[in-house]
Amino acid sequence: VPVAEPHKPRMVALDLRTGRKRWEALLSDQKNSDVYGSPVVWRGRVFMGTSAEYGELNDPKVDTRGTVVALGAKRGRMLWQTITVPDGHDGGAVWTTPAVDTKTGRVYVGTGNAYHDPAADTTDAVLALDARTGRIVAKHQATPDDTWNGSEAAGTDYDFGASPNLIEDAMGRKLVGMGQKSGTYWAWDRSTLDVAWQATV
């Protein structure tokens, strides 16, 4: 269960029979960090993204960077943490539930806008990560230069606020699809993240 307390979001594992807490793990210690989506579990690992809704709306100086983490399902030990934007950038929140391709061992997430200029090329983007290491192996940015926070509404705020979907087209191509706050649904090739198609809904 994710606990979205600002500044110290965490994951709590509960015993299904008794409700007793088995473990608790801090996901991020960044100021304003929180969680908004749900975790996904695969091969003994719990994958979860972090965001910064409280900071984005309430702190003009918010500089939180989105993350994706993998925890050990048995004890909650942090196995890896990947920050979605490089040093010197902020934003890239991961709002939603990751999707895991169990054939390739890739974890797919969508990211949000930057909070201040310059916006990294991993904001408003889809990212593919190696489930074992957390390394970003592919990316595609849908909206460049989108800078927005609650006190400086300069950009379009075109986050990927919907969870990724693992789909196939009529020819059997394996795709990852995701809806963006622009009103566009995107579909990418799962291997390269090249755009297969997009549709304004």
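Please refer to the structure higher up on the page.
All values reported here derive from a predicted model rather than from experimental measurement.

(A) Examining the nonpolar core more closely. One finds F47, V68, W80, V107, V109 and L129 to be the most contacted residues of the largest nonpolar core, which totals 13 residues. The set of elements that each furnish at least two residues to this core consists of β6 (67-72), β9 (106-110) and β10 (125-130). For this core, the element with the highest residue contribution is β10, accounting for three residues. Among residues more than four places away in sequence, those in contact with V68 are M48, G49, W80, Q81, T82, T84, V94, V109 and L129. Core analysis: the next-biggest nonpolar cluster, separate from the first, contains 11 residues, V126, W186, W188 and L193 among them.

(B) Fine view of the side chain of D157. Inspection of the secondary structure assignment puts D157 in the loop between β11 (136-141) and β12 (165-168). There is a polar contact of 3.1 Å between the side chain of D157 and the side chain of K181. Look past the residues within four positions of D157 in its chain and what remains in contact with it is E56, N113, D146, W148 and K181.

(C) Main features of the environment of R75. You can see R75 is positioned in the loop between β6 and β7 (78-83). When its relative accessible area of 68% is taken as the criterion, R75 is described as exposed. As for R75 and H7, which are separated by 68 residues in sequence, their C-alpha atoms are 22 Å apart.

(D) Seen up close, the packing of aromatic side chains. Here the structure, examined in full by the defined rule, presents five aromatic pairs. Ring geometry for F160 versus W188: centroids 5.8 Å apart, planes at 65°, classification edge-to-face. Note that F160 is positioned in the loop between β11 and β12 and W188 in strand β14 (residues 184-189), a separation of 28 residues in sequence. The burial state of F160 is the same as that of W188; both residues are buried. An aromatic cluster of at least three residues, connected via ring pairs, comprises F160, W186 and W188.

(E) Region of the structure containing the sheet that holds strand β3 (residues 21-26). Sheet architecture is open: three strands sit in the order β1-β2-β3, paired in antiparallel fashion. Bordering the open sheet on either side are β1 (2-3) and β3, each of which pairs with just one other strand.

(F) Structural view of the sheet that holds β6. On the basis of which strands lie adjacent, the open sheet formed by four strands has the order β4-β5-β6-β7 and antiparallel pairing. The open sheet terminates on both sides in strands that have one partner only, identified here as β4 (40-42) and β7. Ignoring which end each strand starts from, the neighbouring axes of this sheet average 20° apart. Where strand β5 (residues 45-50) meets β6, six bridges bridge the pair, whose relative direction is antiparallel. Directly across from F47, in β6, lies its bridge partner A70.

(G) Geometry of the pairing of β12. Sheet topology places β12 next to strand β13 (residues 174-179); four bridges connect them, and they run antiparallel. Looking at β13, one finds that E168 is bridged to K174. The loop that links β12 with its antiparallel partner β13 comprises five residues; one of these, G172, has a positive phi angle of about 85°.

(H) Seen up close, the side chain of T84. Secondary-structure assignment places T84 in the loop between β7 and β8 (99-101). One polar contact links the side chain of T84 to the main-chain carbonyl oxygen of G92, over a distance of 2.8 Å. Here T84 is in contact with G66, T67, V68, G91, G92, V94, T111, T122 and L127, once residues within four sequence places are set aside.

Conventions and cut-offs
Residues numbered from 1 in each chain as written. Predicted model: local features only at pLDDT ≥ 70, side-chain atom pairs only at ≥ 80, totals over all residues. Heavy atoms only, no water. Core = buried A, V, L, I, M, F, W, Y, C linked by side-chain atoms within 4.5 Å. Buried < 20%, exposed > 50% of the residue type's maximum accessible area, 1.4 Å probe, protein only. Helix = DSSP H or I, 4+ residues; strand = E, 2+ residues; numbered from the N terminus. Contact = heavy atoms within 4.5 Å. Polar contact = N/O pair within 3.5 Å; in protein donor to acceptor, adjacent residues only side chain to side chain. Phe/Tyr/Trp six-rings, centres within 6.5 Å; stacked < 30°, edge-to-face > 60°. Pairing = 2+ DSSP bridges. Axes fitted to C-alpha atoms, helices over the stretch in contact; angles between N-to-C directions.

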